[in-house]
Amino acid sequence: VTSVVTLTTDFGVEDAYVAAMKGVLLTRCPEARLVDLCHAVPPQDIRAGALRLAAAAPYFPAGTVHLVVVDPGVGSARRAIAVSAHSHFFVGPDNGVLSLAADSGSPAWRAVELTNRAYWQPIVSTTFHGRDVFAPVAAHLACGGQIDDLGPWLDEIEQLQLPRVTGGVDEIRGVVLDVDRFGNLVTNIRSADLGERPIRDVTAGSAQIMGLSDRYDPAARLVALFNSDGWLEVAAPGGSAARHLRLGVGAPVRVRFAV
Amino acid sequence: VTSVVTLTTDFGVEDAYVAAMKGVLLTRCPEARLVDLCHAVPPQDIRAGALRLAAAAPYFPAGTVHLVVVDPGVGSARRAIAVSAHSHFFVGPDNGVLSLAADSGSPAWRAVELTNRAYWQPIVSTTFHGRDVFAPVAAHLACGGQIDDLGPWLDEIEQLQLPRVTGGVDEIRGVVLDVDRFGNLVTNIRSADLGERPIRDVTAGSAQIMGLSDRYDPAARLVALFNSDGWLEVAAPGGSAARHLRLGVGAPVRVRFAV
Amino acid sequence: VTSVVTLTTDFGVEDAYVAAMKGVLLTRCPEARLVDLCHAVPPQDIRAGALRLAAAAPYFPAGTVHLVVVDPGVGSARRAIAVSAHSHFFVGPDNGVLSLAADSGSPAWRAVELTNRAYWQPIVSTTFHGRDVFAPVAAHLACGGQIDDLGPWLDEIEQLQLPRVTGGVDEIRGVVLDVDRFGNLVTNIRSADLGERPIRDVTAGSAQIMGLSDRYDPAARLVALFNSDGWLEVAAPGGSAARHLRLGVGAPVRVRFAV
């Protein structure tokens with residue numbers, strides 16, 4: 001049994017750190033199929049890593065191992081963990097970066113603390129657990145090893161708290177969670193936050209956008225739509241909403257409903 | 001029968017969009033061999049995508065599936081297509097991005113419109129056909145599925161028009177089509193445009209380059225040569241011709257012949 | 001017998017050059033497992049390429065073929081070589097870029113000059129030996145071909161000279177070799193340069209750092225530590241030492257010992 005292993009890091013691609021991890025993976029599980037999920041997570045940005053993982057992980061086949069190294073606490077007392085959820089495995093630091101994708105609501109959810117050094121590299125650096133702890137553990141799981149081998153069970157893992165949507169009957173308020181490559185402003189508002197209420201307008205910075213679109217209409221200067229991951233997004237078709245509106249992560253967004 | 005699948009997009013690597021497509025591909029065709037062709041196509045730049053695809057595709061083995069998502073018209077009425085040409089498959093929007101590589105001069109050329117939803121994801125977003133339409137269709141072809149399954153035949157597909165080389169007996173004129181990572185100015189002039197006429201000089205911006213080189217001669221400030229893809233290129237060995245000459249895409253280039 | 005092939009280039013990912021090489025590799029050795037080691041080597045920076053290769057190569061399985069194209073002399077008289085060392089193969093130009101990883105101290109070290117055109121592409125460009133010479137040679141080795149097929153033996157290859165650590169009993173002096181994505185300043189000082197002498201302080205630019213850390217302590221503004229590759233490094237936990245100290249490659253670093 002061999003599996004897909006995805007890699008998510010904040011290492012960038014300028015150096016050879018990701019390659020060292022892949023070397024360890026292929027040495028220990030030669031048939032693993034490696035897929036870069038994202039290496040452009042902003043340095044030490046746990047939330048950005050968690051969002052990218054949660055966006056792509058559901059599309060991978062059962063048995064996939066997701067290796068995640070956004071790890072500002074490397075070398076400190078933070079725990080290292082592996083989680084089984086949604087028929088996938090997730091390996092990384094216990095700082096919340098896994099918690100959106102490996103949510104504990106999944107049937108047969110199980111988490112372990114990585115304590116069994118038999119599954120690590122023989123020499124473990126203090127600064128690169130991605131290579132020395134997480135990669136060999138991911139290789140173990142990718143080649144059919146048991147999660148129970150890796151350490152004791154945990155009842156819970158660190159949860160990432162996303163900002164909450166607030167508001168009431170007439171309007172709700174959220175914030176920009178992420179800005180993608182196209183300058184689209186991705187908010188924390190999901191379809192369920194609307195219920196049955198139709199949108200009158202969406203306000204982001206200086207812009208007031210009437211109604212909801214279902215695509216990037218090139219005739220519109222700005223649109224609001226639910227994107228392919230289910231988040232409300234403000235976009236400038238053919239341009240960058242982030243640049244047009246001078247908005248970024250954390251900017252407030254308001255949705256008013258038609259009465 | 002499993003195949004190589006290449007991916008060409010304007011998604012960049014900052015987000016997890018490419019990974020979601022790879023997840024769909026590996027879920028539907030687990031043995032597909034995924035290769036990134038290029039994800040740095042400038043946003044919505046159909047010509048840049050078409051040129052990159054045409055430069056690399058010929059080097060891939062027979063049966064390769066090229067999945068291309070440079071798709072400014074996603075969600076509009078633009079067609080989605082698959083093409084069989086040169087013993088390869090090409091899958092993407094019908095906006096010209098496939099037309100240089102999948103040229104209809106190929107023997108056994110065949111194109112279909114993607115209309116059969118049985119080969120798409122069960123839920124199709126309006127904004128991410130790369131994941132929901134093109135990736136599952138590419139997986140079908142990579143795992144040996146028939147192109148005829150996907151929809152009705154097309155007689156022709158949208159053609160990308162490259163700027164033409166003009167001129168006469170003494171000189172020809174072209175333009176810069178692309179600037180590569182090294183700052184080399186790649187023009188639309190090919191060897192066939194010269195015929196038997198030897199080059200006297202090449203003029204680009206303020207520079208007049210005498211004769212033709214066959215390599216990046218480090219002793220020369222600027223050289224003109226036919227690059228490894230067969231295009232006339234102006235280069236500054238060890239530096240950037242684009243920066244030295246302050247020229248970019250669209251800049252005129254003139255070739256004069258020795259009489 | 002099929003192998004992992006890693007690719008290290010200064011091509012960046014903006015163009016399709018890397019993909020063309022992968023196409024050649026997969027056409028000639030369909031089962032080769034391709035891994036990007038690094039494509040962000042600064043253009044023509046042989047030392048940066050050599051350091052990245054040396055950092056990651058040791059983690060790959062026996063039989064791995066490392067294909068390296070940082071090749072400012074392409075088209076000139078510089079030799080093309082393949083080296084067998086440390087149970088790996090290394091293929092690239094003979095300009096020193098292979099010499100740190102494929103060091104001649106390895107048992108069973110062997111080098112050949114690539115002269116046998118039977119293992120190259122049928123048409124060889126003057127400007128892209130990565131695609132036309134090195135990729136097909138790497139494919140030959142990855143699919144179990146013999147290194148002796150490729151050309152005559154060489155007694156030695158070009159050696160890259162790293163700057164030396166100087167100094168004496170009380171202190172040693174080195175330089176910054178590389179700056180990684182996090183702004184960490186990686187020096188040419190290794191643990192062996194210290195012997196048994198404990199560090200009193202490390203001076204880099206305007207900063208004097210007391211003692212040695214074993215991790216990126218978030219409470220410290222600056223730390224000095226031996227990184228996961230064994231080099232002395234100056235880091236700003238949670239920030240960029242390069243930016244804080246306005247230092248880059250070549251900056252002097254001094255280590256004083258406690259008496």
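What you see is a predicted model; the values in this text were computed from it and never measured.

1. Description of the interface of chain A and chain B
Move 1: Taken residue by residue, the interface counts 24 residues in chain A and 33 residues in chain B.
Move 2: Taking both partners together, chain A and chain B bury about 2,300 Å²; carbon and sulfur atoms supply 55% of that area.
Move 3: When the area that chain A buries against chain B is broken down by residue, the three leading residues are Arg33, Tyr59 and Arg181 of chain A, summing to 31%.
Move 4: Where chain A touches chain B, the interface holds 2 salt bridges.
Move 5: Of the charged contacts, one joins Arg131 of chain B and Asp229 of chain A as a salt bridge, the two residues approaching to 3.5 Å between their closest N and O atoms.
Move 6: In this structure, the connection of chain A to chain B is made through 13 residue pairs in polar contact (both at pLDDT 80 or more).
Move 7: Put simply, the parts of the chain that give the side of chain A that touches chain B at least two residues each are strand 2 (33-38) and helix 2 (46-56) of chain A.
Move 8: The greatest single-element share of the side of chain A that touches chain B, amounting to 5 residues, is contributed by strand 2 of chain A.
Move 9: Broken down by class, the residue content of the side of chain A that touches chain B amounts to 13 nonpolar, 3 polar and 8 charged.

2. Things to note about the pattern of salt bridges
A side chain of one charge can pair with a side chain of the opposite charge if their charged atoms are brought near each other.
Move 1: Applying the stated rule across the entire model yields 33 salt bridges over all chains.
Move 2: Between Arg52 of chain B and Asp15 of chain C there is a salt bridge, with the nearest N and O atoms lying 3.6 Å from each other. Residue Arg52 of chain B is found in helix 2 (residues 46-56), and its partner Asp15 of chain C is found in the loop between strand 1 (4-9) and helix 1 (17-28); the two belong to separate chains.
Move 3: Take Arg52 of chain B: its relative accessible area is 6%, and that puts it in the buried class.

3. Examining helix 3 (residues 129-142) of chain C
All names here are of chain C.
Move 1: At Ala135, helix 3 shows its largest bend, some 30°, and a proline, Pro136, comes one to four positions later.
Move 2: Within helix 3, 14 of the 14 residues are buried, which leaves it mostly tucked inside the rest of the structure.
Move 3: Where helix 3 ends, the next residue or the one after it, Gly144, has phi of about 95°, a positive value.

4. Focus: the interface of chain B and chain C
Move 1: Chain B puts 24 residues into the contact, and the matching count from chain C is 33 residues.
Move 2: Summed over both partners, the interface of chain B with chain C comes to about 2,300 Å²; 56% of that surface belongs to carbon and sulfur atoms.
Move 3: When the area that chain B buries against chain C is broken down by residue, the three leading residues are Arg33, Tyr59 and Arg181 of chain B, summing to 30%.
Move 4: For the pair chain B and chain C, the interface holds 2 salt bridges.
Move 5: Connecting chain B to chain C are 13 residue pairs in polar contact (both at pLDDT 80 or more).
Move 6: Among the elements of the structure, strand 2 (33-38) and helix 2 of chain B are those that each provide at least two residues to the side of chain B that touches chain C.

Each value, and the rule that gives it
- Residues numbered from 1 in each chain as written.
- Chains lettered and ligands numbered in written order.
- Predicted model: local features only at pLDDT ≥ 70, side-chain atom pairs only at ≥ 80, totals over all residues.
- Heavy atoms only, no water.
- Contact = heavy atoms within 4.5 Å.
- Buried area = accessible area lost by both parts, 1.4 Å probe.
- Salt bridge = Lys/Arg side-chain N within 4 Å of Asp/Glu carboxyl O.
- Polar contact = N/O pair within 3.5 Å; in protein donor to acceptor, adjacent residues only side chain to side chain.
- Helix = DSSP H or I, 4+ residues; strand = E, 2+ residues; numbered from the N terminus.
- Nonpolar A, V, L, I, M, F, W, Y, C, P; charged D, E, K, R; others polar.
- Buried < 20%, exposed > 50% of the residue type's maximum accessible area, 1.4 Å probe, protein only.
- Bend = angle between axes of the 7 residues up to and from the residue.

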